[in-house]
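The residues making up each chain are set out below.
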Amino acid sequence: MTFTQGFLIFFLIVQLIHFLGTWKLYVKAGRKAWEAAVPIYNAFILMRIINRPKEWYWVILLFIPIVQLIVFPVIWVETIRSFGRTERSETILVVLTLGLYIFYVNYMLDVEYAHERSLKPQSSAGEWVASILFAVVAATLVHTYVMQPFVIPSSSLEKTLLVGDFLFVSKIHYGARTPMTSVALPMVHDAIPFTGLKSYLKEPQLPYFRFPGFEAIERNDIVVFNWPADEYVDINNMAGAKMYKPLDKRSNYVKRCVGLPGDQLEVRNGFVFINGKQNELPDRAKLQFGYIVRTKGDRFIEQYMHDRYDISDRFTQINQYAYQFDALTEATANELKNHPNVAAVEKIEYKKERTAVFPKKGSHNWNELHYGPIDIPYAGKKVELTMDNLPMYKRAISEYEGNNLTVEGNQIKIDGNVVTSYTFKQDYYWMMGDNRGNSQDSRSWGFVPFDHVLGKPVFVWMSWDGKATGLNKIRWSRLFTTVSGEGTPISYFPYFLVALAGWFGFSYYRKRKKEAAK
């Protein structure tokens, strides 16, 4: 059975349950019994029965994943209230029974339809609930399909994005992706905050779908995506328990896209080369490498590095006068060379020896700073499969494109058939951090398929320095700054305060004017 067939059967079962549970109520409301049985049409009729204006708007909400989980309980409650069942106990009961209490009202109670029922809440508490539900629905729509908040957890893009930056990530730039996990708490990712409990049910899963975007991913874009290799219960404990996670519930990662579909990519001494030419990064991007800093005996280094560069947590003291830094820019290294308390600054040179980079198997001697060359697949690209290049493409073919790939002797089989080539179904990207010696990125787990792409960071609305104290914890110069662009980021926070003050002033003036007119 295909997914489409299974989904159609599920949809028809839901329609049958709706018909059996409501047809008598339709009749009592002056409608025909058959109207409760016609898919979609019955939803429009039900909206009229419960006296919901703009029924088309509510019907659309019923078919939007995640949002529908909020709307359905509202519809259940409004249905029984339209037939005089307004007791609080019945309201709770219809929600707890997932709407099945309507069967009892339909068959066991002699109810009358309340024509022209007022939709205005009968109490202040009811008004609060209605306002909160409206706010939750609106916020869920924005969060799921337009803009999502995100916080930078690691330093792999240091200098462009800092640990503690709070971002707004646009989902419309590359096209909003509809949720695949259909039963989940709104505006919550993979776990309920402060509990560690899953925030979703693994089944049922909806097929992948993405709305058209208004731009494609460009080289050097910073991209938020679902981590392809995420299988950890706790992302901060990679030696801990593992579990299966649906695609859209895998941890959110942010990296720079340095390789596009169809590129040939190579990393030489930490620098990326595309089709043989060194990749030119935007001026806000600052590559970082490992350095050994030798001092003249004064132990100034920790406070100095924190005060000036905010990177005091990323060095190791080798001995009394030597420190190893994993993330220094070339400019910082040169500045340190001229410091009177520094004896020498030496860039760490990595030999071309194999480390545990992707793919784990193969005859190559690649590491984090010497990698490739590799060819990045794209939709429609046909590659010849050999035992040598299979480790590079196996994960994409099997995990991301849903094929059963096996190897028997020297034969490669896909879905039981011997193959010598494969044509890819979607585009792939190569994501890397600017901290070239200390970033878990595509060098660790390979290509990122387009269906894993979440969105594009566009705005830093808050930046929090966990090591500072008092008001210094807020990085004021980073508030309301853009992620992309040239030159030093400019804070628009003062303009925001002026606009906010103007809005409050205008609202106050309008209120006073209305009061004076009464």
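Attention here is on the structure that accompanies the text.

**As for the overall build of the protein chain**
Of the regular secondary structure elements, the protein chain holds 12 helices and 21 strands. The buried share among the 518 residues of the protein chain stands at 43%. Pairs at least 24 apart in sequence give 64% of the contacts found in the protein chain among residues at least 6 apart. For the protein chain, the exposed surface amounts to about 27900 Å²; the carbon and sulfur share of it is 59%.

**Quick word on the packing of aromatic side chains**
A complete count under the given rule lists 34 aromatic pairs for this structure. On the basis of an interplanar angle of 35° and a centroid distance of 6.3 Å, the ring pair of Tyr 400 and Tyr 428 is categorised as tilted. Of this pair, Tyr 400 sits in helix 10 (residues 390–400) while Tyr 428 sits in strand 18 (residues 428–432), placing them 28 residues apart in sequence. You'll find Tyr 400 and Tyr 428 in the same group, each marked buried. Taking NZ or CZ as reference, Lys 198 lies 5.5 Å from the ring centre of Tyr 200, over its face.

**Describing helix 4 (residues 67–81)**
Compared with the 21 Å implied by 1.5 Å per residue over 15 residues, the 22 Å span of helix 4 between its first and last C-alpha is a close match. Taken residue by residue, helix 4 has Val 67, Gln 68, Ile 70, Val 71, Val 74, Ile 75, Trp 76, Val 77, Glu 78, Thr 79 and Ile 80 as its buried positions.

**A short note on the packing of helix 3 (residues 55–62) against helix 4**
It is at 8 Å that the axes of helix 3 and helix 4 come closest, and there the two elements cross at 125°. Judged by the angle between their axes, helix 3 and helix 4 are oblique. Listed contacts from helix 4 to Trp 58, Leu 61 and Leu 62 of helix 3 are Val 67, Gln 68, Val 71, Phe 72, Val 74 and Ile 75.

**Details of the sheet that holds strand 14 (residues 405–408)**
Taken together, 3 strands build an open sheet; the order of strands is 14-15-16 and the sheet is antiparallel. Pairing within the sheet leaves two strands with one partner each, and these edge strands are strand 14 and strand 16 (417–419). On average, adjacent strands in this sheet sit at an angle of 40° to one another, irrespective of strand direction. Against the sheet, helix 10 engages strand 14 and strand 15 (411–414), with an angle of about 140° to strand 14.

**Quick look at the pairing of strand 14**
Pairing geometry for strand 14 and strand 15, over 4 bridges, is antiparallel. Bridge pairing links Val 407 to Ile 412 in strand 15. Between strand 14 and strand 15, which pair antiparallel and follow one another directly, the connecting turn spans 2 residues, one of which, Gly 409, has a positive phi of 65°.

**Observations regarding the environment of Ser 477**
Tracing the backbone through its elements, the reader meets Ser 477 in the loop between strand 20 (453–463) and strand 21 (481–482). Taking the C-alpha atoms as reference points, Ser 477 and Tyr 492, 15 residues apart in sequence, are found 9.0 Å from one another.

**Topic: the environment of Asn 403**
If you trace the backbone, Asn 403 turns up in the loop between helix 10 and strand 14. Each C-alpha atom, one on Asn 403 and one on Lys 413, is 9.8 Å from the other, the two residues being 10 residues apart in sequence. Look past the residues within four positions of Asn 403 in its chain and what remains in contact with it is Ile 397, Ser 398, Ile 414, Asp 415, Tyr 422 and Lys 425. In terms of polar contacts, Asn 403 uses its side chain to reach the side chain of Tyr 422, at 3.0 Å.

**So, the sheet that holds strand 6 (residues 271–274)**
Strand order in the open sheet formed by 4 strands is 7-6-5-12, and the pairing between neighbours is antiparallel. Unpaired on one side and paired on the other, strand 7 (277–278) and strand 12 (370–375) mark the two borders of the sheet. With 4 bridges joining them, strand 5 (residues 264–268) and strand 6 adopt antiparallel strand pairing. Bridge pairing links Glu 266 to Phe 273 in strand 6.

**Examining the nonpolar core**
Counting 34 residues, the largest nonpolar core has Met 47, Ile 49, Val 71, Ile 75, Phe 83, Val 94 and Val 105 as its most contacted members. The element best represented in this core is helix 4, accounting for 8 residues. Among the nonpolar cores identified, the runner-up in size contains 28 residues, and Val 267, Tyr 371, Phe 424 and Tyr 428 belong to it.

**As for the pattern of salt bridges**
Two side chains carrying opposite charge are able to pair once their charged atoms lie near each other. Counted according to the given criterion, the structure contains 13 salt bridges. Note that Asp 110 and Lys 28 form a salt bridge whose closest N and O atoms lie 4.0 Å from each other. Placement of Asp 110 in the loop between helix 6 (101–108) and helix 7 (124–145) and of Lys 28 in helix 1 (residues 3–28) is noted, with a sequence separation of 82 residues between them. Residue Asp 110 is classed as exposed on the basis of its relative accessible area of 74%. The class of Lys 28 is partly exposed, set by a relative accessible area of 30%. Measuring nitrogen to oxygen at the nearest pair gives 2.8 Å for the salt bridge that ties Asp 434 to Arg 256. Within this pair, whereas Asp 434 is found in the loop between strand 18 and helix 11 (442–445), its partner Arg 256 is found in strand 4 (residues 252–259), the two being separated by 178 residues in sequence. Where salt bridges share partners, they join Asp 165, Arg 475 and Arg 478 into one cluster.

**Considerations on helix 3**
Considered for burial, the residues of helix 3 that qualify are Trp 58, Val 59, Leu 61 and Leu 62. Summarising the axial view, the buried residues of helix 3 lie within an arc of 160°, below the 170-degree limit, and thus occupy one face.

**So, a nonpolar patch on the surface**
Taken together, the side chains of Phe 496, Leu 497, Leu 500, Trp 503, Phe 504, Phe 506 and Tyr 509 define a hydrophobic patch exposed on the protein surface, amounting to about 740 Å² of accessible area. Inspection of the secondary structure assignment puts Leu 497 in helix 12 (residues 493–517).

**Description of the side chain of Thr 178**
The topology assignment puts Thr 178 in the loop between strand 2 (165–170) and strand 3 (222–226). Among the residues examined, Thr 178 registers a relative accessible area of 12% and is labelled buried. Excluding residues that lie within four positions of it along the chain, Thr 178 makes contacts with Tyr 145, Phe 209 and Phe 211.

**Concerning the packing of helix 2 (residues 41–49) against helix 3**
It is at 9 Å that the axes of helix 2 and helix 3 come closest, and there the two elements cross at 125°. Relative to helix 3, the element helix 2 is oriented oblique. Between helix 2 and helix 3 the crossing geometry is right-handed. Every residue of helix 3 that contacts helix 2 at Ala 43, Phe 44, Met 47 and Arg 48 is listed here: Glu 55, Trp 56, Trp 58, Val 59 and Leu 62. Grouping the constituent residues of the contact of helix 2 with helix 3 by class yields 7 nonpolar, no polar and 2 charged.

Procedures and definitions
Residues numbered from 1 in each chain as written. Predicted model: local features only at pLDDT ≥ 70, side-chain atom pairs only at ≥ 80, totals over all residues. Heavy atoms only, no water. Helix = DSSP H or I, 4+ residues; strand = E, 2+ residues; numbered from the N terminus. Buried < 20%, exposed > 50% of the residue type's maximum accessible area, 1.4 Å probe, protein only. Contact = heavy atoms within 4.5 Å. Areas by Shrake-Rupley, 256 points an atom, 1.4 Å probe, with all protein chains shown as cover. Phe/Tyr/Trp six-rings, centres within 6.5 Å; stacked < 30°, edge-to-face > 60°. Lys NZ or Arg CZ within 6 Å of the ring centre and 35° of its normal. Expected span 1.5 Å × (residues − 1). Axes fitted to C-alpha atoms, helices over the stretch in contact; angles between N-to-C directions. Parallel < 35°, antiparallel > 145°, perpendicular 65-115°, else oblique. Pairing = 2+ DSSP bridges. Polar contact = N/O pair within 3.5 Å; in protein donor to acceptor, adjacent residues only side chain to side chain. Core = buried A, V, L, I, M, F, W, Y, C linked by side-chain atoms within 4.5 Å. Salt bridge = Lys/Arg side-chain N within 4 Å of Asp/Glu carboxyl O. Arc of directions from axis to C-beta. Patch = residues over 30% accessible without salt bridge, like charges linked within 9 Å, V, L, I, M, F, W, Y side chains within 5 Å. Left-handed = near helix turned anticlockwise from the far one by under 90°. Nonpolar A, V, L, I, M, F, W, Y, C, P; charged D, E, K, R; others polar.

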